[in-house]
Amino acid sequence: MRTSIATVCLSGGLVQKMYAAAEAGFDGIEIFEPDLVAAPQSPEEIRALADRLGLSLDLYQPFRDAEGVDEEAFADVLHRAEAKFRLMRRLGIDLMLVCSNVGTATLDDDEVSAGQLRRLGELAAAYDIRLAYEALAWGRFVDDYRRSWRIVELADHPNVGVCLDSFHILSRGHDPKQIEEIPAEKIFFLQLADAPALSMDVLSWSRHHRLFPGEGSFDLPAFLAHVQRAGYAGPLSLEVFNDTFRQTDPVRTARQAQRSLRWLADRTADLLGDEAGPLPRLPEVAAPEAFDFVEIKAPETSGVEVLLEQLGFDFGGRHRSKQVRLWTWGEVRIVCNDQGGSPAAPRIAAVGFDVADSEPAAERAAALMAPPVHRRTYAGEQALRAFSSPDGTEVFCSHAEDWIGEFDGGVAGTSTERGSARIDHVNLVQPWHSFDEAVLFYTSVLSLTPQPTQEVAGPSGLVRSQVMSSPAGGVRLPLNLLPTGQLAGDEQAHAQHVALACQDIVGVVAAARERGLRPLKVPGNYYDDLVARFRLSEDFVATLRELDLLYDRDADGEYLHCYTETVGEVFFELVERRERYDGFGAGNAPVRLVSQAG
Ligand SMILES: O=C(O)c1ccc(O)c(O)c1
Ligand SMILES: [Mg+2]
């Protein structure tokens, strides 16, 4: 499988983009014309650099407004094209992308367009150049790949073929199955992009919101399977116009892009089975169905452990050789780490996921270029493999049995009178520039599935939230994207949190309050509104009000929850899920955000 990336995906100048693509392991690039025009280097220098970096120059693009025009306009098209063909010879590029006409087309006639593409193809042939015709989703007359293929078929010239771009096809809801009817030798190029489900004009959607495969809502594995079944053997090239990637580190973006192609190839090979051909596979790993632990970096005096004690955790002992303490409650294991000058503000430093087999999980993460994390390990201690997620939180694939013996006090006796508990979800706050990357990271590395995005209004802006979850719901990882502005009080509301599921939240919170816990205060107006929305008994609402419990109900069941105060950058949530309730009480989030902002 050859991989390629359009220079438009990356920030920086052309040379910087080329270094980034090479460093991330791409085989080639598509040169986006404005990048070349703005570059101080000559075409010959760019060609030499590509050679030196081991990058092939796969495509020059875009050539606009070529077909469907009158004869006078077409004379200008030929003139313009010839200049580009000469330039491409200097660059050593033999494939040019021709977009369907959006501006100058006046003739809605396949015969005319085909005739003009044929004449352009004849001119290109003289320069040993081929043309890949792409139907833009907003083309004046040609906006459907099936029509662009009909025109190419009519043009009937060996130097004229189609370029398929997943965005233009899937954004319009066109069925990609008919790609299989296009002869492989006529598919000159393939561009891949994902996108979030948005209802907006398709041009703005394309120019600002494209994403790498695995980050959006399109079914790219199914799309690529059609292209592979057609017999396409050219490079898989990414073409992602995205406002964030245009302004973030190009090396990091290029690695993210390469990760997305490796994930996509593997998923597509799954769909194709015996027909997968040369698509490379990843070590197979089932999604984890439980959290193994959460590690909080916190000095012993920070107050986090006071909270844990109030919540009813048992002290599970000190680590044999490190400044690390374990707290347990049922199946919940929280590790407080005070090593190496912990930051004053406690924060979630690592999350352990209980995967069936840690070795292949670590191999898979490495194949997806997840940056490894090296922790100090002493003789006789389990060396756990960990990786850094895009926001810096370390991800472990681990099993408590392998490491819990390193804590004196051993496995803590679990107080049965408080019932069992488990980690329900871990909410990780994402910086604005790594949100999409995080979705891809958890999708590809841990095989978690992104759920539909939600937006919650907070006092200082909208919080976008996307939950990554395992098939049976044992692991839920809400990723929250914060508003970009920072108002006073934001820090509290935008801390990360660990939610603990218990069976009798009323009893647990009542006991915790006896031990001194002060849950986040919920305003009286909230309970008046609850009474209006749900037919709840007065007694029940009085209990909720007394204990500052929040409530939600849907067709699947009920959700009762409450929050602790925030310590540094972390707080805890207690939850009780009744029946099959699968949400997070999203309607209550604005109340929490306002209360936390104080
Ligand atoms: O947005 C555009 O104009 C544009 C240009 C070239 C492409 O390949 C494409 O998919 C879109
Ligand atoms: Mg394209």
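Residues numbered from 1 in each chain as written. Chains lettered and ligands numbered in written order. Predicted model: local features only at pLDDT ≥ 70, side-chain atom pairs only at ≥ 80, totals over all residues. Heavy atoms only, no water.

Per an unreviewed UniProt entry, the protein chain carries the name 3-dehydroshikimate dehydratase and comes from Nocardioides luteus. We quote the UniProt Pathway (unreviewed entry) comment for the protein chain here in full: "Aromatic compound metabolism; 3,4-dihydroxybenzoate biosynthesis." (UniProt positions renumbered as here; feature names shortened; annotations may be inferred.)

Here we take up the packing of helix α1 (residues 14–23) against helix α10 (residues 250–272). Closest axis-to-axis distance for the α1/α10 pair is 8 Å, and the angle between their directions is 40 degrees. It follows from the interaxial angle that α1 and α10 lie oblique. Here the hand of the crossing between α1 and α10 comes out right-handed. Contacts between α1 and α10 involve Gln16, Ala20, Ala21 and Glu23 from the former and Pro250, Val251, Ala254 and Arg255 from the latter. (Axes fitted to C-alpha atoms, helices over the stretch in contact; angles between N-to-C directions. Helix = DSSP H or I, 4+ residues; strand = E, 2+ residues; numbered from the N terminus. Parallel < 35°, antiparallel > 145°, perpendicular 65-115°, else oblique. Left-handed = near helix turned anticlockwise from the far one by under 90°. Contact = heavy atoms within 4.5 Å.)

Under the local residue numbering, the UniProt record ascribes the feature "binding site: a divalent metal cation" (unreviewed entry) to Glu134, Asp165, Gln191 and Glu239. Taken together, the annotated residues stretch across 106 residues yet fold into one region, lying no more than 12.9 Å apart by C-alpha. Residue position: glutamate 134 is located in strand β5 (residues 130–134). Under the relative-accessibility criterion, glutamate 134 is labelled buried at 2%. Once residues lying within four places of it in the same chain are set aside, the contact partners of glutamate 134 are Leu97, Val98, Cys99, Ser100, Cys163, Asp165, His168, Gln191 and Glu239. Residue position: aspartate 165 is located in strand β6 (residues 160–165). A relative accessible area of 2% means that aspartate 165 is categorised as buried. Setting aside anything within four residues of it in sequence, one finds aspartate 165 in contact with Glu134, Gln191, Arg210, Phe223 and Glu239. (Buried < 20%, exposed > 50% of the residue type's maximum accessible area, 1.4 Å probe, protein only.)

It is worth spelling out the sheet that holds strand β11 (residues 324–329) at this point. Pairing between sheet strands relies on hydrogen bonds along the backbone, with the strands arranged either parallel or antiparallel. Strand order in the open sheet formed by eight strands is β10-β11-β12-β9-β13-β16-β15-β14, with mixed pairing between adjacent strands. Two strands lie at the open edges of the sheet, namely β10 (314–318) and β14 (372–373), each paired on one side alone. Sitting on the sheet, helix α11 (residues 304–311) touches β9 (291–297), β11 and β12 (332–337), and the angle it makes with β11 is about 20 degrees. Packing of helix α14 (residues 435–446) onto the sheet brings it into contact with β13 (347–353), β15 (386–388) and β16 (394–397), and relative to β16 it is tilted by some 15 degrees. (Pairing = 2+ DSSP bridges.)

Turning next to the coordination of the magnesium ion (ligand 2). For a metal bound by four donors in tetrahedral geometry, the ideal donor-metal-donor angle is 109.5 degrees, whereas six donors in octahedral geometry ideally sit at 90 or 180 degrees. Only Glu134 (OE), Asp165 (OD), Gln191 (OE1) and Glu239 (OE) from the protein reach the magnesium ion (ligand 2) as donors, at distances of 2.0 to 2.1 Å. Given six donor atoms and angles of 77 to 176 degrees at the metal, the environment of the magnesium ion (ligand 2) is assigned as octahedral. The motif formed by the donor residues of the magnesium ion (ligand 2), counted along the single chain, is E-x30-D-x25-Q-x47-E. One end of the pair, glutamate 134, is in strand β5; the other, aspartate 165, is in strand β6, and 31 residues separate them in sequence. (Donors = N, O, S within 2.8 Å, 3.2 Å for Na, K, Ca; no water. Tetrahedral: all angles 85-135°; square planar, octahedral: opposite > 155°, others 65-115°.)

Here the focus is the pairing of β11. Of all the six residues making up β11, six are buried; the element is thus mostly covered by neighbouring parts of the structure. On β11, burial covers both faces: Val324, Leu326 and Thr328 on one face and Arg325, Trp327 and Trp329 on the other are all buried. Sheet topology places β10 next to β11; four bridges connect them, and they run antiparallel. Note that in β11 the partner of glycine 317 across the bridge is leucine 326. Counting the residues that bridge the hairpin from β10 to β11 gives five residues. In this structure, β11 lies alongside β12, joined through six bridges in antiparallel fashion. Considered in β12, the bridge of tryptophan 329 is made with valine 332.

Quick look at the site of ligand 1 now. Close contacts around ligand 1 come from 15 residues, with Arg64, Glu134, His168, Arg207 and Glu239 the closest. Here an oxygen atom of ligand 1 sits 2.7 Å away from a polar atom, N or O, in the side chain of arginine 64. Measuring from an oxygen atom of ligand 1, one finds a side-chain N or O atom of glutamate 239 at 2.8 Å. Relative to its unbound accessible area of 300 Å², ligand 1 is 100% covered by the protein chains. Looking at the shell around ligand 1, the elements that each hand over two or more residues are β3 (56–63) and β4 (95–99). (Near = heavy atom within 4 Å. Polar contact = N/O pair within 3.5 Å; in protein donor to acceptor, adjacent residues only side chain to side chain. Areas by Shrake-Rupley, 256 points an atom, 1.4 Å probe, with all protein chains shown as cover.)

Before going further, it helps to spend a moment on the environment of leucine 10. Residue position: leucine 10 is located in the loop between β1 (3–6) and α1. In this structure the C-alpha to C-alpha distance between leucine 10 and valine 531, which are 521 residues apart in sequence, comes to 52 Å. Excluding its chain neighbours within four sequence positions, the residues that come into contact with leucine 10 are Ile5, Lys17, Ala20, Ala21, Phe245, Pro250, Thr253 and Ala254.

What follows concerns the pairing of β5. Of all five residues that make up β5, four are buried, and the element is covered over most of its length. As paired elements, β4 and β5 share five bridges and run parallel to each other. Bridge pairing in β5 places methionine 96 opposite leucine 131. Following the chain from β4 across helix α5 (residues 110–126) to the adjacent parallel β5, one finds a crossover that is right-handed. The pairing of β5 with β6 spans three bridges and is classified as parallel. (Right-handed = clockwise from strand over helix to strand, strands pointing away.)

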